[in-house]
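Structural overview
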Amino acid sequence: MTEQQQALWRFEMRDERLPSVSLGNILQMNLVELRKADRLGLTSGPLRAWITFFKHWQEELIMAQFTHEPVQQAMDRLRELSADEETRRLAFVRERALHDEVSFLNEAKREGREEGRKEGREEAREEARKEFARNLIAMNLLTDEQIATASGLTEAEVKALRST
């Protein structure tokens, strides 16, 4: 194949001193000469759709023939970008609102988790105070007022624990 008949090129990375050492398909550059590929009609399928997209993206009738989803997504995005100023502004506002909604939801979840942790810690502290007071009550050495002072509970709470 001569250079005039080749429109698709693949270049691999090789070591200068040891050309047998190559990165192969890990790191390579694929080059498509659009005019030549279009003229030669070399490929079909997704690559043909991409070549047509890059060469004929402004021609709606040609682009309507392609159903390759990534090319259709690129066309949709291109239409968005080339829309009038008001349409672009509305699209921007919509994108911003969606982004803000996700941010607000994430913040609310974070705050909810933090509040849940805080409530859990408070409940654990309260239960620890009650357990401490129960132990003091069981020892039967202190008054309810002294147990309340030592445990951080009210006298009413100590009395309620004593009666259970």
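Along each chain, numbering runs from 1 in the same order as the chain's sequence is written. In keeping with the predicted nature of the model, local features appear solely for residues at pLDDT of at least 70, side-chain atom pairs appear and are counted solely at 80 or more, and the whole-chain, interface and lining totals rest on all residues. The basis for the side-chain values is all heavy atoms of the structure; hydrogens and waters are excluded.

1. Digging into the overall build of the protein chain
Scanning the protein chain for helices and strands turns up seven helices and two strands. When the helices and strands of the protein chain are read in sequence order from the N terminus, they spell out β-β-α-α-α-α-α-α-α. We compute the radius of gyration over the C-alpha atoms and compare it with the globule rule, which gives 2.2 Å times the number of residues raised to the power 0.38. Against the 2.2 N^0.38 benchmark of 15 Å for 164 residues, the protein chain shows a C-alpha radius of gyration of 36 Å, more extended than a compact globule. Across its three principal directions, the C-alpha atoms of the protein chain cover 105 × 55 × 25 Å. Any residue under 20% of the maximum accessible area for its type is buried, any over 50% is exposed, and the rest in between are partly exposed; the area is computed with a 1.4 Å probe on protein chains only. The proportion of buried residues among the 164 residues of the protein chain is 17%. Whether two residues are in contact is decided by their heavy atoms, any of which lying within 4.5 Å being enough. Put simply, of all contacts in the protein chain between residues at least 6 apart along the chain, 23% involve residues at least 24 apart. Here the open area of atoms and residues is found with the Shrake-Rupley method and a 1.4 Å probe, where only the protein chains shown may cover a residue. Carbon and sulfur atoms make up 55% of the accessible area of the protein chain, which totals about 13,100 Å². Every helix listed is a DSSP run of H or I at least four residues long, and every strand listed is a run of E at least two residues long, numbered separately from the N terminus.

2. Here we look at the packing of helix α6 (residues 144–151) against helix α7 (residues 155–163)
In a pair of packed helices, the angle between the axes and the distance between the axes together describe the arrangement. For the pair α6 and α7, interaxial distance at closest approach is 8 Å and the crossing angle is 110°. Here α6 lies roughly perpendicular to α7, going by the angle between them. Judged by the twist between their axes, the crossing of α6 over α7 is right-handed. Side by side, α6 and α7 meet where D144, E145, I147 and A148 of the first sit next to E155, V158, K159 and R162 of the second. Just so you know the grouping, Ala, Val, Leu, Ile, Met, Phe, Trp, Tyr, Cys and Pro go in nonpolar, Asp, Glu, Lys and Arg go in charged, and all remaining residues, Gly too, go in polar. Of the residues belonging to the contact of α6 with α7, the class tally is three nonpolar, no polar and five charged. Lines fitted to C-alpha atoms define the axes here, with helix axes fitted over just the stretch in contact, and angles between the N-to-C directions of these axes take values from 0 to 180 degrees. Relative orientations are named as follows: roughly parallel for angles under 35 degrees, roughly antiparallel for angles over 145 degrees, roughly perpendicular for angles from 65 to 115 degrees, and oblique for any other angle. Definitions for this section: a left-handed crossing has its near helix turned counterclockwise from the far helix by less than a right angle. A right-handed crossing has that turn clockwise.

3. Quick notes on helix α5 (residues 85–139)
How far a helix is expected to stretch is found by multiplying one less than its residue total by 1.5 Å. The end-to-end C-alpha distance of α5, which contains 55 residues, comes to 80 Å, matching closely the 81 Å that a straight helix rising 1.5 Å per residue would cover. Buried positions along α5 lie against α6 and α7. Downstream of α5 by one or two residues, N140 has phi in the positive range, about 55°.

4. Quick look at the confidence of the model for the protein chain
Of the residues in the protein chain, 93% have a pLDDT of 70 or more, and the chain-wide mean is 83. Mean pLDDT across the elements of the protein chain ranges from a minimum in helix α3 (residues 60–63), with 70, to a maximum in α7, with 93. Per-residue confidence from the predictor is reported as pLDDT, which spans 0 to 100.

5. Some thoughts on the side chain of S151
Residue position: S151 is located in helix α6. Classification of S151 by relative accessible area gives buried; the value is 6%. Sequence-distant contacts of S151, that is, excluding residues within four places in its chain, are made with R129, F132 and A133.

6. Let's talk about a nonpolar patch on the surface
Together, M13, L23, I26 and L27 give the surface a local cluster of nonpolar side chains, amounting to about 410 Å² of exposed area. Along the polypeptide, M13 turns up in the loop between β1 (8–12) and β2 (28–32). The patches reported here contain residues having more than 30% relative accessible area and no salt bridge. Joining distances are 9 Å for like charges and 5 Å for nonpolar side chains (Val, Leu, Ile, Met, Phe, Trp, Tyr). Think of a salt bridge as a Lys or Arg side-chain nitrogen and an Asp or Glu carboxyl oxygen that are within 4 Å of each other.

7. Remarks on the pattern of salt bridges
Enumeration according to the criterion identifies eleven salt bridges in this entry. Put simply, R14 and E12 hold a salt bridge, and the shortest N to O gap is 3.3 Å. Members of the salt-bridge network, linked through shared partners, are R10, E12 and R14.

8. Looking at the environment of W9
Summarising the element assignment, W9 is placed in strand β1. A relative accessible area of 19% places W9 in the buried class. Separated by 23 residues in the primary sequence, W9 and V32 have C-alpha atoms spaced 6.3 Å apart. For this analysis, a polar contact is any N or O atom pair within 3.5 Å, provided that within protein one partner can donate a hydrogen and the other can accept it, and provided that sequence-adjacent residues contribute only side-chain to side-chain pairs. Here the side chain of W9 touches E33 through a polar contact of 2.6 Å, side chain to side chain.

9. Description of the packing of α5 against α6
The interhelical angle for the contact between α5 and α6, taken along N-to-C directions, is 145°, at an axis separation of 9 Å. In the packing of α5 onto α6, the handedness of the crossing is right-handed. Counted together, R129, F132, A133, L136 and I137 of α5 and I147, A150 and S151 of α6 form the full contact between these two elements. Tallied by class, residues from the contact of α5 with α6 come to six nonpolar, one polar and one charged.

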